[in-house]
Amino acid sequence: MRQKLLGIDLGGTTVKFGILTLEGEVQEKWAIETNILEGGKHIVPDIIVSIKHRLKLYGLSSDDFVGIGMGSPGAVDRDTNTVTGAFNLNWKETQEVGSMIEKELGIPFAIDNDANVAALGERWIGAGENNPDVVFMTLGTGVGGGIIADGNLIHGVAGAGGEIGHMIVEPENGFACTCGSYGCLETVASATGVVKVARLLAEAYEGDSVIKAAIDNGEGVTSKDIFTAAQAGDSFADSVVEKVGYYLGLASANISNILNPDSVVIGGGVSAAGEFLRSRIEKYFVTFTFPQVRNSTKLKIAELGNDAGIIGAASLARQFITE
Ligand SMILES: [Zn+2]
């Protein structure tokens, strides 16, 4: 009887695994280091060995699983189950991820990009409350996103749909983005983006601030330091949070004015600032949305933390459930 799902969250430093029930309850989870040496050629074999080992440990076999789902960085081809250009894995050439795993484990396999998979996780079991219309943005080293509209992930013609991080929020004097454009949300709302905003605002700020002093002294400042100082009443740090809240409020309002989702869910490391950040974003979200959207779309902080990836990946495998 096939009654379990296996979710794999492939990242540049660790690969996380989860065994879930069909209802999304995590029964087992573990992680291994990602060995990116030699062009990342060990990654998929390591994953297969680890799964085989754990199945034996838990007294399970391939027949217990409906399917395996995986979230991966890079350009994911969902038809061939391959990944190309995942540079943090050293995968420059196309990797036959799905066919290798299916052949070795005999379990159906599905894959999507990591931000989309995290969006599916938050939508299914997390803050999205399994609503068919949920927008997810993750604020970490970069800004990722996933859009679920009418129950479907938006992929676009080239798989670049839902890349909220490249929405332009500062068209006049924006910072350069890794994508080649200027003023993308990612340049001002990722962990490094928040610090860039702080450096810029520090030039004109006059007054006492531990954060401004640290920046002027050339000391390392993190986005977490900035949020902590703002919550403790540092008015310069607070002006940085205000500016970041403006950018995120503008971006989430623009998405919502088009899609009118049930919720915009904000996750990733920067979202650890919680209600302090959410309320600041909401202030601008309310300003920039039109009434029907303002009164129906909710802004929420993500609930699943690091588990969003394995849960969302596992949810991809639900397509293999046959009644
Ligand atoms: Zn960009």
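That block above? That's the structure.
These notes cover the structure that comes with them. Treat the numbers as computed from the prediction; the structure is a model and nothing was measured.

Moving on, we get to the overall build of the protein. When helices and strands are counted, the protein shows 12 helices and 12 strands. Against the 2.2 N^0.38 benchmark of 20 Å for 323 residues, the protein shows a C-alpha radius of gyration of 21 Å, consistent with a compact globule. Considering the protein as a whole, with its 323 residues, one finds that 50% of them fall into the buried category. Considering only residue pairs separated by 6 or more positions, the protein has 63% of its internal contacts joining residues 24 or more positions apart. Side chains of the protein carry 24 positive and 40 negative charges; the gap between the two charge centres is 2 Å.

The five strands are arranged β10-β9-β8-β11-β12 in an open sheet whose pairing can be described as mixed. Sheet topology places β10 (152-153) and β12 (298-301) at the edges, where each strand pairs with a single neighbour. With six bridges connecting them, strand β8 (residues 134-139) and strand β9 (residues 143-149) associate as antiparallel partners. In the sheet register, Phe136 faces β9, and the bridge partner there is Gly146. Here helix α9 (residues 235-259) sits on the sheet and contacts β8, β9, β11 (263-267) and β12; the angle it forms with β8, its principal contact strand, is near 160°. Contacts from helix α10 (residues 275-288) reach β8, β11 and β12 within the one sheet, and its direction differs from that of β12 by about 160°.

To continue, consider the coordination of the zinc ion. Distances from the zinc ion to its protein donors, namely His166 (ND1), Cys177 (SG), Cys179 (SG) and Cys184 (SG), fall within the range 2.0 to 2.3 Å. Donor residues for the zinc ion, ordered by position in the chain, follow H-x10-C-x1-C-x4-C. Taken together, the residues His166 in the loop between β10 and α5 (186-189) and Cys177 in the loop between β10 and α5 connect sequence positions 11 residues apart. On the accessibility criterion, His166 (29% relative accessible area) is partly exposed. Classification of Cys177 by relative accessible area gives buried; the value is 10%.

On to the sheet that holds strand β4 (residues 65-72), then. Read across the sheet, five strands follow the order β3-β2-β1-β4-β7 without closing on themselves; strand pairing throughout is mixed. Each edge of the open sheet carries a strand with a single partner, namely β3 (26-33) and β7 (109-113). Strand-to-strand twist in this sheet, taken as the mean axis angle between neighbours without regard to direction, amounts to 15°. As defined by bridge partners, β4 adjoins β7 across five bridges and the pair is classed as parallel. Residue pairing for β7: Met70 is matched across the bridge by Ile111. Sheet strands touched by helix α2 (residues 43-57): β1 (4-10), β2 (14-21), β3 and β4. Its angle to β3, the strand with the most contacts, is close to 140°. In this fold helix α4 (residues 114-124) packs onto β1, β2, β4 and β7, with an angle of close to 105° to the strand it touches most, β7.

Before going further, it helps to spend a moment on the layout of surface pockets. To locate leftover empty space, one rolls a probe as large as a water molecule over the atoms. There is about 320 Å³ of room inside the second largest pocket. Surrounding the second largest pocket, 18 residues form its lining, Leu120, Leu153, Ser315, Leu316 and Gln319 being those nearest its centre. Counting only elements with at least two residues in the lining of the second largest pocket, the list comes to β7, α4, β10 and α12 (308-316). Residue composition of the lining of the second largest pocket, grouped by class: seven nonpolar, seven polar and four charged.

Conventions adopted
- Each chain carries its own residue numbering, running from 1 in the direction its sequence is written.
- This being a predicted model, a pLDDT of at least 70 is required before a residue's local features are given, and a value of 80 or more before pairs of side-chain atoms are given or counted; all residues contribute to the totals for chains, interfaces and linings.
- Hydrogens and waters are ignored; side-chain quantities use all the structure's heavy atoms.
- Note on conventions: DSSP H or I runs of at least 4 residues are helices, E runs of at least 2 residues are strands, and numbering of each starts at the N terminus.
- Our radius of gyration is a C-alpha quantity, and the globule rule it is checked against amounts to 2.2 Å times the number of residues to the power 0.38.
- Here the term buried applies to any residue with accessible area under 20% of the maximum for its type, exposed to any over 50%, and partly exposed to those in between, with areas from a 1.4 Å probe on protein chains only.
- Contacts are assigned to residue pairs that have any heavy atoms within 4.5 Å of one another.
- Working convention for charge: Lys and Arg count positive, Asp and Glu count negative, and His plus the chain ends are omitted.
- Positions of charges follow a simple convention, taking NZ of Lys, CZ of Arg, CG of Asp or CD of Glu.
- When DSSP locates at least two bridges between a pair of strands, those strands are taken to pair.
- Between the N-to-C directions of two axes lies an angle of 0 to 180 degrees, each axis being a line fitted to C-alpha atoms and, for a helix, fitted only over the stretch in contact.
- Atoms are scored as donors when they are N, O or S and lie within 2.8 Å of the metal, with 3.2 Å used for Na, K and Ca; no water is included, so coordination may look incomplete.
- Here a cavity is any set of points on a 1 Å grid over the protein atoms alone where a 1.4 Å probe fits but cannot get out, and a pocket is any open set with protein on both sides within 12 Å along at least 5 of 7 lines; a residue lines the site when it has an atom within 4 Å of a point.
- Grid points are joined across faces, edges and corners, and a volume is the space filled by probe spheres set on the points.
- Lys, Arg, Asp and Glu make up the charged group, whereas Ala, Val, Leu, Ile, Met, Phe, Trp, Tyr, Cys and Pro make up the nonpolar group; the residues left over, Gly among them, are polar.

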